[in-house]
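# Geometric and topological summary
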Amino acid sequence: MKKYLAVLLAVVFVAAMAVTGCNPADQGSTPDASAPVQTPANTQGGAETPTEEPNLEPIKIGCIQDTSGGASIAGKPNEWGVQYAVKWINENGGVNGRMIELYTRDCQNDAEVGVTCYRELVDEIGVSAIIGPPLSNPASAWVDLATEDQIPIVGHFMDEQCTTDPETGEAYPYMFLAEPSCSVQSYILAQYAMEELGVKTVATLFNTSNAYAVAHEAPFVDYIKANGGTVLAEETFTWTDTDYTAQAQKIAALNPDAVLLCDYCNQMVTAYDNLRDAGYTGKILGANTMYPPFNTLVKNKVYDCYFVQNYDLKDTTKGTIAELVATQMADTNTDYPTSNVGFGWDAAMVLYNAMLQANDPADGEEVREILENNTADVLSAGGETITIDPATHRPTRDMGMYIATYDENNEIVCLVYRTTDYVK
Amino acid sequence: MSLQLLISGISLGSVYALIAVGFAIVFSVLKFSNFAHGGMISACAYIGYYFQRSFPSTPPIYVTILFSALCGVALSFLVDFIAYRRLRAKQAPNIYYFLASITVSIAIVQILSVFYGNNLYAYPAIFESTTFFIGSIRFSTIDTLILLVSLAMLAVLIYLIDKTRVGLAIRAVAINAQTSKLMGINSGFIIVAVFAIAGVLAGVSGVLLGLKYSIYPTLGSQMMLKGFIASVIGGLGSLSGAIAAAIILGVVEIFLTYYLGSLSTPIILFGVMLVFLAVRPEGIAGRFAKDKV
Amino acid sequence: MSNYQLSLIMLACISVISVSGVFAMTSLAGMFSLGQAAYMSICAYLTFCLAKYLDLPVMLTAVVGLAASGLVALIISLPALKLRRDYFALLSVGFGEMISSIVILLGKWTNASIGFSRIPKVDNLVLVILGITALVLFMVRNLKRSRFGRMCIALKTDEIAAKSFGIDVYRLKIKIYVIASMIAAVAGICYGLRNRVISPDAFDWSLSAEMQILLFFGGTNSLTGSVISAAALKILPEFLKGVSFFGVSLQDCKTIIYCALIIVIINFRTKGIMGEHELSLAPLVKLARKAGARRAKESK
């Protein structure tokens, strides 16, 4: 008897889970590719009337950012940038008269939460496209989902593995990157260091638990090795380490021409201080997270720092970035300018450009097609142009990065805008 | 080089020690690892920072530390009031304290990151240079300060616990709360005293860690694991044991990282802990008060 | 039913599986661990990496992964369970750290912190996961009621008394720990199948702590309680999306609300929401039997 009871209990549990109406017939069918398309917009729009009546239903777009997790310091301005861009688009007539409705979700820098956010946006809200976060872990979870559901995702997941298959090199059909990838950024930095700074020997100090850092470090090392430089040490740390003195002393003893730091701001600050404390006086090369507040957070004097920047935040003559940053700082009570505002703007603009060209901007497949083949010369926040390479779904190599440094007054100065053609 | 590494290890250990003492003092009486301590350290770092910024000219650092310590005490009472008081009244097993403390810690970190997480902050530097030399050995200024403060606080605490009546009562409650109650010790007051001490420690550590690193929500909680390890290895509840363990942990970590790399460190550390606890289950300092089982 | 709802069900199920593993360990044997997520990691990585590199079906590699997790649990528990409970908790933390380090060290195969992605899609995944959940729950429930489970409870209540009754405490603990770890391993496979990506960050000690919290929230002595809390608290944040309160988006505050809820339950209902009660069908069955009997009488 007891055994039957137990079986019953299990069955009831299953039933309870399914109580909201789990219909087995549903599940066999292929994923709801039609779901986003079957918004009221389509059913009302074309079919009934033979003459093309303008469809004024709003277009739903999702935005997934980390606004409360470990990368929220980048995620919040990113989200703000998307919101601001959508406001701008709507004030300027929307997508051929159709307004954009933005749904923002918080993925907490967690792949599991990211999948839930994705599913809700796609299945419940029925978004036509998603603007993604500058994070690789959640993004790599969507690679196949986006293809199954035909939802284009435009974002700043800079790791190349989020846009192309590392084994075949083919682009994932629905993933698009709107800034130079980690690899390209590292190549630009390494090239600048070798050609302009005369760097011959380097060391790296990075967080192996941080995808962002790993994705920067490997291409940097590749470039240096391939171009006749020497990598003296690749020192690592993890999230639970709070002090990198041992690694810093090892590097200081080797005394390379330059050291690459490529983590989030907190870790960069500690790494920089540890290196200088250990007596290292050479050049420090940084990823694009070395922008302020790095200069105000470090305890040592900031000198000989060279790092990549997506935009020249102070240049008021080019692009909208200066205005964006000023508005965001006033809006959200932020103390210093953040490039991430521009990331959100750029991703939204790349998507907007594709939607403008589409007959039906809510059709994921069509928008994807245009994103892949017809995304050319979209003006970025920094005043550069973004042209998506159909082969990689990343900006073509004529989109470059600024090399910036801090001057004697501890102010950020952009030195030069560079591109690279280096391919591994 | 080894001497330099040793010094660096002691410096790192002193940071862990600061946290481990906060753990140990609560553990000695309440028999649970107060994970909320990490969150409180973060909160105190923010409090100290905002306090400093609210003046037109930066007040001296000891004023900030004092203020932060006071706020730490208040915060400590608040946490006790919200999360532990009722558990104590119910005489709940200490696993519940443990869970409550983890939850409080997560909550504090989240509150900080949602409401104050737009910016990263740093205290203005208090020393001209970040390092100084004795002979050819390089010392980190702030780490040295932290080590001195940890030792000073330890000295004060040991005096408090060994020489004063309150200390005697704390020891009595630590050994057996029930019996000491019967002996006329107001155990409620003792617990309040312990939380006050933990609060002071959190306040001081918050500002010191803020001086060493920058201020961000997970500043304190990031170190909880290390503090936890040190306080347990040191001998549950023993203050000097916790400090000794923290410094040993720092030194071992620095040497392992230097010679084997940061990724192998957790693997070896795990093995060392396993062997150490198997060989000497009472911790470095010996059991402060024996459990029944 | 939309894929979103299905994915929420899977989310809840994964949480239920992992918490029921912790239930076996903590509620039955009184062990407290902050390293159970490491077993999720071991098994998930083994399963999916082997499937990819040796081109084997996931079903097969899952068995290998489970066996390996069990073996690791056995090896770890042999020395660790001889120690006091506090030390055991401490070691479990160190163990979790160690596993994520190893995953990163083996980055050539595991793709390190970038995450092992592109886990193949499984059709009708929700049914598979529901089935696994039901099976695991059935097992744990039987475990609780078996002689084995009663021995465990004796051990949890008083180790010395249990010893004096001739229970081999040490062996019993090892058995339970291995079982609990294998259940966590199952949850790891489900995690990978649902999210299609696994990364070392995902299985850190905070996930292990979350499992323990969910267990205590529902009631340590109630399997149904912990199941309900595991499922409900995991889904709870979904209802806070898009709601704004005094200009603060509740979406960002979900963790704070979640923590507040836990503190309230731990404080005001220390036994957990269900206390020692188990939801059971017994009353219903009784009712049905009565009705049946009555009908039988009437038909006579």
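Definitions and cut-offs
- Residues numbered from 1 in each chain as written.
- Chains lettered and ligands numbered in written order.
- Predicted model: local features only at pLDDT ≥ 70, side-chain atom pairs only at ≥ 80, totals over all residues.
- Heavy atoms only, no water.
- Helix = DSSP H or I, 4+ residues; strand = E, 2+ residues; numbered from the N terminus.
- Rg over C-alpha atoms; globule rule 2.2 N^0.38 Å.
- Buried < 20%, exposed > 50% of the residue type's maximum accessible area, 1.4 Å probe, protein only.
- Contact = heavy atoms within 4.5 Å.
- Lys, Arg positive; Asp, Glu negative; His and termini not counted.
- Charge placed at Lys NZ, Arg CZ, Asp CG, Glu CD.
- Buried area = accessible area lost by both parts, 1.4 Å probe.
- Salt bridge = Lys/Arg side-chain N within 4 Å of Asp/Glu carboxyl O.
- Nonpolar A, V, L, I, M, F, W, Y, C, P; charged D, E, K, R; others polar.
- Expected span 1.5 Å × (residues − 1).
- Phe/Tyr/Trp six-rings, centres within 6.5 Å; stacked < 30°, edge-to-face > 60°.
- Polar contact = N/O pair within 3.5 Å; in protein donor to acceptor, adjacent residues only side chain to side chain.
- Axes fitted to C-alpha atoms, helices over the stretch in contact; angles between N-to-C directions.
- Parallel < 35°, antiparallel > 145°, perpendicular 65-115°, else oblique.
- Core = buried A, V, L, I, M, F, W, Y, C linked by side-chain atoms within 4.5 Å.
- Domains from an automatic or database assignment.
- 1 Å grid on protein atoms, 1.4 Å probe; cavity = no way out; pocket = protein on both sides within 12 Å on 5 of 7 lines; lining within 4 Å.
- Points joined across faces, edges and corners; volume = space filled by probe spheres on them.
- Pairing = 2+ DSSP bridges.

To continue, consider the overall build of chain C. Within chain C, the secondary structure is distributed over 13 helices and 4 strands. Over its C-alpha trace chain C gives a radius of gyration of 21 Å, about what one expects of a compact globule, namely 19 Å for 300 residues. Across its three principal axes, chain C shows a C-alpha extent of roughly 75 × 55 × 45 Å. In chain C, buried positions account for 60% of the 300 residues. Of all intrachain contacts in chain C linking residues separated by at least 6 positions in sequence, the fraction that spans at least 24 positions is 79%. Of the charged side chains in chain C, 31 are positive and 15 negative; the average position of the first set lies 10 Å away from that of the second.

Moving on: the interface of chain A and chain C. Contacts between chain A and chain C engage 58 residues on the former and 54 residues on the latter. For the pair chain A and chain C, the two sides together bury roughly 4,700 Å², of which 57% comes from carbon and sulfur. Close ionic contact of Lys52 of chain C with Glu167 of chain A constitutes a salt bridge, the shortest N to O distance being 3.1 Å. In terms of residue class, the side of chain A that touches chain C is built from 25 nonpolar, 16 polar and 17 charged.

Right, let's talk about helix α8 (residues 211-226) of chain A for a bit. All names here are of chain A. Between the first and last C-alpha of α8 there are 23 Å, a value that for 16 residues agrees with the 22 Å anticipated at 1.5 Å per step. Buried positions along α8 lie against α6 (136-149), α7 (182-195), β6 (201-207), β7 (230-237), β8 (258-261) and β9 (283-286). Note on α8: the residue one or two positions beyond its end, Gly228, has a positive phi of about 90°.

To continue, consider the packing of aromatic side chains. Per the counting criterion, the structure on display carries 46 aromatic pairs over all chains. Ring centres 4.7 Å apart and planes at 80° place the aromatic pair Tyr187 of chain A and Tyr422 of chain A in the edge-to-face group. With Tyr187 of chain A in helix α7 and Tyr422 of chain A in the segment after β14 (412-418), the pair connects residues that are 235 residues apart, well separated along the chain. When sorted by exposure, Tyr187 of chain A lands in the same class as Tyr422 of chain A, which is buried. Taken together, a centroid distance of 6.5 Å and an interplanar angle of 45° make the contact between Phe23 of chain B and Phe228 of chain B tilted. Of this pair, Phe23 of chain B sits in helix α1 (residues 2-30) while Phe228 of chain B is found in helix α9 (residues 224-233), placing the two residues 205 residues apart along the sequence.

The subject of this paragraph is the interface of chain B and chain C. Each partner contributes to the interface: chain B provides 43 residues, whereas chain C provides 41 residues. Between chain B and chain C, roughly 3,900 Å² of surface is buried when both sides are summed, and carbon and sulfur atoms account for 81% of that area. Across the chain B-chain C interface, the total number found is 0 salt bridges. Counting across the interface, chain B meets chain C through 7 residue pairs in polar contact (both at pLDDT 80 or more). At the level of elements, α3 (61-89), α4 (94-115), α9 and α11 (265-279) of chain B are the ones that each hand at least two residues to the side of chain B that touches chain C.

Turning our eyes to something else, we now look at the environment of Phe294 of chain A. Residues and elements named next belong to chain A. As for its placement among the helices and strands, Phe294 is situated in helix α11 (residues 294-297). Since its relative accessible area comes to 0%, Phe294 is described here as buried. The spacing of Phe294 and Cys265 is 29 residues in sequence and 6.4 Å in space, taken between C-alpha atoms. Ignoring sequence-local partners within four residues, the contact set of Phe294 consists of Cys265, Met268, Val269, Tyr272, Cys305 and Tyr406.

Now for the packing of helix α5 (residues 141-163) of chain B against helix α8 (residues 187-212) of chain B. Helix packing geometry: the angle between the two helix axes and the distance between the axes. Residues and elements named next belong to chain B. Taken N-terminus to C-terminus, the directions of α5 and α8 make an angle of 170°; their axes are 10 Å apart at the nearest point. By the angle between their directions, the pair α5 and α8 is classed as roughly antiparallel. Each of Ile142, Asp143, Leu145, Ile146, Val149, Met153, Leu157 and Leu160 in α5 lies in contact with α8, whose residues at this interface are Ile197, Leu201, Val204, Leu208, Leu211 and Lys212. Of the residues contributing to the contact of α5 with α8, the split by class is 12 nonpolar, no polar and 2 charged.

Further remarks concern the nonpolar core. If you look at the biggest cluster of nonpolar residues, it comprises 263 residues, and the most contacted ones within it are Tyr118, Leu261 and Phe294 of chain A together with Ile25 of chain B. The element best represented in this core is helix α1 (residues 3-29) of chain C, accounting for 18 residues. In terms of domain composition, this core takes at least three residues from each of domain 1 (2-46 + 56-180 + 314-392) and domain 2 (182-309 + 402-418) of chain A. With residues near it in sequence (within four places) discarded, Leu261 of chain A still touches Leu205, Met268, Ala271, Tyr272, Leu275, Ile284, Leu285, Gly286, Ala287 and Met290 of chain A. Formed by 41 residues, the second largest nonpolar core is a distinct cluster that contains Val154, Ala178, Val367 and Ile386 of chain A.

The next thing to look at is the layout of surface pockets. As a volume, the second largest pocket reaches approximately 1,400 Å³. Contributing elements (two or more residues each) for the lining of the second largest pocket: α7 and α8 of chain A together with α2 (36-53), α5 (107-110) and β1 (116-117) of chain C. For the lining of the second largest pocket, the element with the highest residue contribution is α8 of chain A, accounting for 7 residues. Along the lines of polarity and charge, the residues of the lining of the second largest pocket split into 22 nonpolar, 13 polar and 14 charged. The residue makeup of the lining of the second largest pocket includes at least three contributed by each of domain 1 (2-46 + 56-180 + 314-392) and domain 2 (182-309 + 402-418) of chain A.

Residues and elements named next belong to chain A. Segmentation of chain A into domains returns domain 1 (2-46 + 56-180 + 314-392) and domain 2 (182-309 + 402-418). Across the boundary between the two partners, domain 1 contributes 19 residues, which contact 18 residues of domain 2. Counting each side, the surface lost to burial between domain 1 and domain 2 is near 1,400 Å², with a carbon and sulfur contribution of 54%. If you sort the residues of domain 1 by the area they bury against domain 2, Met158, Pro180 and Lys314 come out on top, with a joint share of 34%. Run the count over domain 1 and domain 2 and you get 1 salt bridge. Note that Lys314 and Glu411 form a salt bridge whose closest N and O atoms lie 3.1 Å from each other. Inspection of the region where domain 1 meets domain 2 yields 8 residue pairs in polar contact (both at pLDDT 80 or more). Secondary-structure elements contributing two or more residues to the side of domain 1 that touches domain 2 are α6 and α13 (340-357). Taken together, the residues of the side of domain 1 that touches domain 2 sort by class into 7 nonpolar, 6 polar and 6 charged.

Let's shift gears to the packing of α5 of chain B against helix α6 (residues 165-175) of chain B. Residue and element names in this part refer to chain B. At their nearest, the axes of α5 and α6 sit 5 Å apart, and the two run at 80° to each other. Relative to α6, the element α5 lies roughly perpendicular. Residues Leu160, Ile161, Asp162 and Lys163 of α5 pack against Arg165, Gly167, Leu168 and Arg171 of α6.

Quick look at the sheet that holds strand β4 (residues 153-155) of chain A now. All names here are of chain A. The strand order across the open sheet built from 5 strands is β2-β1-β3-β4-β5, with neighbouring strands paired in parallel fashion. Because the sheet does not close on itself, it has two edges, and the strands there are β2 (100-106) and β5 (175-177). Across the sheet, the axes of successive neighbouring strands diverge by a mean angle of 25°, strand direction being ignored. For strand β3 (residues 129-131) and β4, the ladder comprises 2 bridges, and the chain directions are parallel. From the neighbouring strand, Ile131 faces β4, where its bridge partner is Val154.

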